[in-house]
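Here is how the chains run, residue by residue.
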Amino acid sequence: MEVLPRTSASFVSLLILCISLVALHCVLIGADISDATARQRDISKYRSLCDCEQCEDGTGEGASVIRVSTLPDEKNIDIIATYSNNLGAMQSSRVKMGDLSASWVLENPVDGRQEHPKRFEMAEDSSQSGLTFEEKTQHPTDDHQSGEGELPYSRLSSMSPVKLKRRVMRQERRNLRTAELIGKDTEANNQMAAAAIERSKDFDPLVKGKYSIWRSDYESPNSDSTLKLMLDQIIMAKSYASIAMSKNETDLFNSLMKHYKLSQHAIGEASSDAELHSSALNRAKAMGRVLSAAKDKLYDCLTVERKLRVMLQSTEENLNALKKKSAFLNQLAAKTVPKPLHCLPLQLASDYFLLGYHNRGDANKEKLEDPSLFHYAIFSDNVIATSVVVNSTVLHAKEPNKHVFHVVTDKLNYAAMRMWFIVNPPAGATVQVENIDDFKWLNSSSCSVLRQLESARLQEYYFKANHPSSLSMGSDSLKYRNPKYLSLLNHLRFYLPDVYPKLDKILFLDDDIVVQKDLTPIWSVDLQGNVNGAVETCKESFHRYDKYLNFSNSLISDNFDSNACGWAFGMNIFDLKEWRKRNITGIYHRWQDMNEDRTLWKLGTLPPGLITFYNLTYPLDRGWHALGLGYDPALNKTAIENAAVIHYNGNYKPWLDLAISKYKAYWSRYVMSDNPYLRLCKISE
């Protein structure tokens, strides 16, 4: 009786387990069916493998693609499909053939006529790719056999038709762009070739040196690299040779000195690699080996540094000495009369006496003292320079017959100056030539400069042989030792009312100026009660009174403003009536006497002029007078050409070889180059 209940309980438990298994199986089957339906819906989204008419009809010759719906027992065939769901995850499932859409086709890659296909593949839409199945089968599908720019068939089969179409279009655009670039490159190459041919027609095979033989207009950026290397080697060889001598390394010293001399000989006067001797490179290599050996044996940082410092100091001392020599030679060249200019006055003076011109008097004497005319004062001993001043002035004058030139020279050049203007009279103008020695009133008792020139102190300063050498004085002191500062012609400008007592106004001109415009309007300039009319030269802090006068002396600092603006001597309009009224010459004498020991200013005429005409100078427009052509190579060309008068103040006078070449033409155009005297003395432009 006890067994039956236990058996019934076991049976009930087994029954419940079976029912649970059956229910679970039903759930799984339903889920599988639902999954298959979803997969069928996703797969049906794919396009047909082949939409061509031959594929649809199945009548294409040799076709290996047949529609799925034409296969027998299609509902019983299981297909394992791999696809991506809506989330992009890859899934695979087993579906029946009958569940596929009608657009799916079976493809046999070996033989389309076999009854049992071996695999399914995706094919691109022929209507989009433009390729039929027959065209595709003509190309191998292996990667290594695919043509350039094509993808393997297996990769194409895994892409959607839209992507394939885009890839084809990109490839077409790429091909077009490549062809276009190739065409442009070809055109550019043709143009370059044509240009090279044109350049080759002008090619000069004789161009050598530091220029490229292919592009002669471009200079090599490293045209002096070898020269610089050899110069550096020479410096190091000198330093190592000195160290070797101090350490009794005789052989090394001899070797260094030998290569030192050979390198110097190879360099010579060269300023670039092209000018070096042909053996220069070999010398540099040999010197390099010797220096390397010297470095291994002698190099010590402190010793080499000390030696180089000594060499630097010695070089600086030599440079300063050369600067002084250069300044001396520059001053010497500036005050030396070139041979052609020395020849000209000799020829003129000889003919003046031989041809009897010394008995001829001055013409147009009535004009010489007529205050209604335009009078010029030129004090010079240079015949050709004076002729340029007169010629350039007359050439630009509107009424030359109203212009009178008063030329004063020394006894040595008087005959030559008169002869020149007798033979070459300016058209319509009047020229008077006078000898300064004929001014008997100009003597040491009335002239401070003459009295100082007769003093023993000044003669010792200028003429004693035991005086310290000019080279030791410095360039500034040397400049004021120029003999022109001793010439009375240079100081005669302070005696204009005495030289021309019947004139009211006079225009003073230096002999190193050139006139480029009519100067007549300057006589009508109102000087507003001033004595001197001049162009001011100060710019910012330059050319003010403290540049010319010694303001450490109380006589100067108590009477003058150090910031007062300087002005130019060389083209000055003087009111002689006002001059006489204010006794300007007396002011000049007083200050000149106080500077007998040269403590107020150096020698010259501008410093005493600044003092004498202090607060008595009217500033003219800058267009009247352009200065600096005798020392400044960076002047404004427009300012030069627009100026009424240009002034070659400085050492580089236009008649010297020192002249700045780009300024010389302004002067030489007024030289009478066809004159027989100039041709005889070989004076050219």
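Being a predicted model, the structure only gives us computed values, none of them experimental. By convention here, each chain's residues receive numbers from 1 onward along its written sequence. In keeping with the model being predicted, local features are shown solely for residues with a pLDDT of at least 70 and side-chain atom pairs are shown and tallied solely at 80 or more, while totals for entire chains, interfaces and linings include all residues. No hydrogens and no water enter the side-chain calculation; it runs on all heavy atoms of the structure.

**A few points about the overall build of the chain**
(1) Moving on: Labels follow the DSSP assignment, with helices taken as runs of H or I lasting at least four residues and strands as runs of E lasting at least two, numbered in each case from the N terminus. Looking only at helices and strands, the chain features 27 helices and 14 strands.
(2) Moving on: For each residue, the accessible area found with a 1.4 Å probe, counting protein chains only, is set against the maximum for its type, and the residue is called buried under 20%, exposed over 50%, and partly exposed in between. Residues classed as buried in the chain amount to 39% of the 685 residues present.
(3) Moving on: Once local pairs closer than 6 in sequence are excluded, the contacts in the chain between residues at least 24 apart make up 73%.
(4) Moving on: Of the roughly 40400 Å² of accessible surface on the chain, a fraction of 53% belongs to carbon and sulfur atoms. When checking whether two residues touch, look at their non-hydrogen atoms; a contact exists if any pair is within 4.5 Å. All accessibility values rest on the Shrake-Rupley procedure with a 1.4 Å probe; residue burial counts only the protein chains present in the view.

**Comments concerning the packing of aromatic side chains**
(1) Moving on: Two aromatic rings, drawn from Phe, Tyr or Trp (for Trp, its six-membered ring), form a pair once their centres lie within 6.5 Å of each other, and the interplanar angle then sorts them: stacked below 30 degrees, edge-to-face above 60, tilted otherwise. Inspection of every chain in the model, using the stated rule, returns 21 aromatic pairs.
(2) Moving on: The interplanar angle of 55° and the centroid separation of 5.1 Å between the aromatic rings of Phe 374 and Trp 523 together place this pair among those described as tilted. Linking Phe 374 in strand 5 (residues 374–379) with Trp 523 in the loop between strand 9 (513–515) and strand 10 (532–534), this pair joins segments that are 149 residues apart in sequence.
(3) Moving on: Its relative accessible area of 14% is what places Phe 374 among the buried residues.
(4) Moving on: Geometrically, the ring pair formed by Phe 494 and Phe 569 is edge-to-face, given 6.1 Å between the ring centres and 85° between the ring planes. Here Phe 494, found in the loop between helix 18 (488–491) and helix 19 (496–499), pairs with Phe 569, found in the loop between helix 21 (554–557) and strand 11 (571–575); they are 75 residues apart in sequence, far enough to count as distant.
(5) Moving on: Judged by relative accessible area, Phe 494 falls into the buried class, the value being 1%.

**With respect to unusual backbone geometry**
(1) Moving on: One non-glycine residue, Asn 583, lies in positive phi territory at about 55°.
(2) Moving on: On the basis of relative accessible area, Asn 583 is assigned to the partly exposed category, the value being 48%.
(3) Moving on: A positive phi is found at Lys 682, a non-glycine position, where the angle reads about 60°.
(4) Moving on: Of note, Lys 682 is situated in the segment after helix 27 (676–680).

**Some thoughts on the pattern of salt bridges**
(1) Moving on: In the sections that follow, a salt bridge refers to a side-chain nitrogen of Lys or Arg positioned within 4 Å of a carboxyl oxygen of Asp or Glu. The tally for this structure, following the rule as stated, stands at nine salt bridges.
(2) Moving on: Residue Glu 305 is joined to Arg 309 by a salt bridge in which the shortest nitrogen-to-oxygen separation is 3.4 Å. Of this pair, Glu 305 and Arg 309 both sit in helix 10 (residues 301–335), four residues apart, which is roughly one turn of the helix.
(3) Moving on: For Arg 309, a relative accessible area of 56% translates into the label exposed.
(4) Moving on: Within this structure, Glu 578, Lys 581 and Arg 582 form a network of salt bridges that share partners.

**A short note on the sheet that holds strand 9**
(1) Moving on: Taken together, three strands build an open sheet; the order of strands is 9-14-13 and the sheet is mixed. Each having just a single partner strand, strand 9 and strand 13 (625–626) make up the two edges of the open sheet. Paired strands, in this sense, are two strands between which DSSP finds at least two bridges.

**Observations regarding the packing of helix 7 (residues 225–246) against helix 10**
(1) Moving on: Orientation is described by lines fitted to C-alpha atoms, with helices fitted over the stretch in contact, and by angles between N-to-C directions that extend from 0 to 180 degrees. The geometry of helix 7 relative to helix 10 is characterised by a closest axis approach of 10 Å and an angle of 115° between their N-to-C directions. In the packing of helix 7 onto helix 10, the handedness of the crossing is right-handed. For the pair helix 7 and helix 10, the contacting residues are Ile 235, Lys 238, Ser 239, Tyr 240, Ser 242 and Ile 243 in the first and Thr 303, Val 304, Lys 307, Leu 308 and Met 311 in the second.
(2) Moving on: In terms of residue class, the contact of helix 7 with helix 10 is made up of six nonpolar, three polar and two charged. Handedness of a helix crossing follows the sense of rotation of the near helix relative to the far helix, less than a right angle counterclockwise being left-handed and clockwise being right-handed. The nonpolar class holds Ala, Val, Leu, Ile, Met, Phe, Trp, Tyr, Cys and Pro. Asp, Glu, Lys and Arg form the charged class, and all remaining residues, Gly among them, are polar.

**What about the pairing of strand 11?**
(1) Moving on: The buried count for strand 11 comes to five of five residues, which makes it a mostly enclosed element.
(2) Moving on: On strand 11, burial covers both faces: Met 571, Ile 573 and Asp 575 on one face and Asn 572 and Phe 574 on the other are all buried.

**Notes on helix 9 (residues 280–298)**
For the α-helix, the turn length of 3.6 residues means that residues three or four positions removed from each other point alike.
(1) Moving on: Multiplying 1.5 Å by the residue count of a helix minus one yields the expected span of that helix. With 19 residues, helix 9 extends 26 Å from end C-alpha to end C-alpha; this agrees with the ideal 27 Å at 1.5 Å per step.
(2) Moving on: Turning to helix 9, its buried residues are Ala 280, Ala 284, Ala 286, Met 287, Val 290, Leu 291, Ala 294 and Leu 298. Take helix 9 and look down its axis: the buried residues cluster within an arc of 165°, on one side only. Along helix 9, exposed side chains directed more than 90 degrees from the buried face belong to Asn 282, Arg 289 and Asp 296.
(3) Moving on: In this fold, the buried residues of helix 9 make contact with helix 7 and helix 8 (250–267). Arc definition: it is the arc formed by the directions from the helix axis to the C-beta atoms.

**Observations regarding the sheet that holds strand 6 (residues 403–409)**
(1) Moving on: The strand order 7-6-5-8-11-10-12 describes an open sheet built from seven strands, whose pairing is mixed. Two strands bound the open sheet, and with one partner strand each, they are strand 7 (430–435) and strand 12 (617–619). Across this sheet, the average inter-strand angle for adjacent strands is 25°, counted without regard to direction.
(2) Moving on: Inspection of the sheet shows strand 8 (residues 505–509) paired to strand 11 by five bridges, in the antiparallel sense. In the sheet register, Phe 508 faces strand 11, and the bridge partner there is Asn 572.
(3) Moving on: Lying over the sheet, helix 14 (residues 414–423) contacts strand 6 and strand 7, oriented at roughly 170° with respect to strand 7.

**Details of the state of the cysteines**
A covalent bond between the sulfur atoms of two cysteines is what we call a disulfide.
(1) Moving on: We call a pair of cysteine sulfur atoms a disulfide whenever their separation is within 2.5 Å. For the structure on display, the rule yields two disulfides.
(2) Moving on: Disulfide pairing is shown between Cys 343 and Cys 681; the S-S distance is 2.2 Å. Between Cys 343 and Cys 681 the disulfide shows an S-S torsion of about -70°. By sign, it is left-handed. In this pair, Cys 343 is assigned in helix 11 (residues 339–354) and Cys 681 in the segment after helix 27, connecting sequence segments 338 residues apart.
(3) Moving on: With relative accessibility at 6%, the residue Cys 681 sits in the buried group.
(4) Moving on: Residue Cys 538 pairs covalently with Cys 565 via a disulfide, S to S 1.6 Å. Disulfide Cys 538-Cys 565: the torsion about the S-S bond is -100°, which places it as left-handed. Residue Cys 538 is found in the loop between strand 10 and helix 20 (545–548), and its partner Cys 565 is found in the loop between helix 21 and strand 11; the two are separated by 27 residues along the sequence. Judged on exposure class, the residue Cys 538 and its partner Cys 565 are both buried.

**What to know about the nonpolar core**
Among soluble globular proteins, nonpolar side chains are generally buried collectively.
(1) Moving on: By convention a nonpolar core is built from buried Ala, Val, Leu, Ile, Met, Phe, Trp, Tyr and Cys residues, the set being connected through side-chain atoms within 4.5 Å. One finds Leu 344, Leu 507, Leu 519, Ile 522 and Ile 646 to be the most contacted residues of the largest nonpolar core, which totals 63 residues.
(2) Moving on: In contact with Leu 507, not counting residues within four places along its chain, are His 375, Tyr 376, Ala 377, Leu 519, Ile 522, Trp 523, Met 571, Asn 572 and Ile 573.
(3) Moving on: Within the second largest apolar cluster, 44 residues are counted, among which are Leu 492, Ile 584, Tyr 588 and Leu 600.

That is the geometry; function is a separate question.
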